[in-house]
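Understanding the architecture of this molecule
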Amino acid sequence: MGESSSESFLKKHWEGYKEFWAERFPFTGIYSRFISREDPLPSWSESDVNEFIASDPVHGPTLKTAREATNIALAGGAIGAISTAGVAWKYSRSLHGAGLSFVAGAVFGWTFGQEIANHWYQLYRLDTMAAQVKFMEWWENKCRRRS
């Protein structure tokens, strides 16, 4: 009997924990219908994305801007990874230290690049998640029409 009450206690707190974080990270619920499908969506190409950008006057420019911001974040990650690994290798000649510096520099550079792009393109004014969801819906409908 003590086990069932402790299970219900843990289950109750686990549900509260999940609800708490679900409110703070709503993307898990928004993208779940695209991620947990029985038959996954096929891959799309750059031309498919450009077709969506041209066809949707509301969400197309937002998606284009978000993709441009990703390129800046990618450049920041590459610069951060190479520079920190280079400095670590120069001063320590330690392979594992340079490797860890490479990984950490990539993460920090990506984050810094994303913040620069966020302010440069003013992404905080745009609803990029809605644009990505609209693209996924558009791609899902297009694939359904093909088959």
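Residues numbered from 1 in each chain as written. Predicted model: local features only at pLDDT ≥ 70, side-chain atom pairs only at ≥ 80, totals over all residues. Heavy atoms only, no water.

1. Thoughts on a nonpolar patch on the surface
Residues Trp-14, Tyr-17, Phe-20, Trp-21 and Phe-25 make up a contiguous nonpolar surface patch of about 540 Å² in total accessible area. Along the chain, Phe-25 falls in the loop between α1 (2–24) and α2 (27–35). (Patch = residues over 30% accessible without salt bridge, like charges linked within 9 Å, V, L, I, M, F, W, Y side chains within 5 Å. Areas by Shrake-Rupley, 256 points an atom, 1.4 Å probe, with all protein chains shown as cover. Salt bridge = Lys/Arg side-chain N within 4 Å of Asp/Glu carboxyl O. Helix = DSSP H or I, 4+ residues; strand = E, 2+ residues; numbered from the N terminus.)

2. A word on the confidence of the model for the protein
In this model, the protein carries an average pLDDT of 88, and 94% of its residues clear a pLDDT of 70 or more. Element-level mean pLDDT values for the protein span from 72 in α1 up to 96 in helix α5 (residues 95–120). (pLDDT = per-residue confidence, 0-100.)

3. Let's talk about the environment of Cys-143
Tracing the backbone through its elements, the reader meets Cys-143 in helix α6 (residues 128–146). By relative accessible area, Cys-143 is classed as buried at 12%. (Buried < 20%, exposed > 50% of the residue type's maximum accessible area, 1.4 Å probe, protein only.)

4. Here's the deal with the packing of aromatic side chains
To describe a pair of aromatic rings, one takes the distance between the centres and the angle between the planes. Applying the stated rule across the entire model yields 6 aromatic pairs. For the ring pair Trp-44 and Trp-139, a centre distance of 6.3 Å and an interplane angle of 75° mean the geometry is edge-to-face. Separated by 95 residues along the polypeptide, Trp-44 in the loop between α2 and α3 (46–55) and Trp-139 in helix α6 bring together distant segments of the chain. The exposure class assigned to Trp-44 is partly exposed, which follows from its relative accessible area of 37%. Ring centres of Phe-52 and Trp-138 lie 5.5 Å apart, and the angle between their planes is 55°; on these two criteria the pair is classed as tilted. Residue Phe-52 is found in helix α3, and its partner Trp-138 is found in helix α6; the two are separated by 86 residues along the sequence. According to the relative accessible area criterion, Phe-52 is buried, its value standing at 1%. An aromatic cluster of at least three residues, connected via ring pairs, comprises Trp-44, Phe-52, Phe-135, Trp-138 and Trp-139. (Phe/Tyr/Trp six-rings, centres within 6.5 Å; stacked < 30°, edge-to-face > 60°.)

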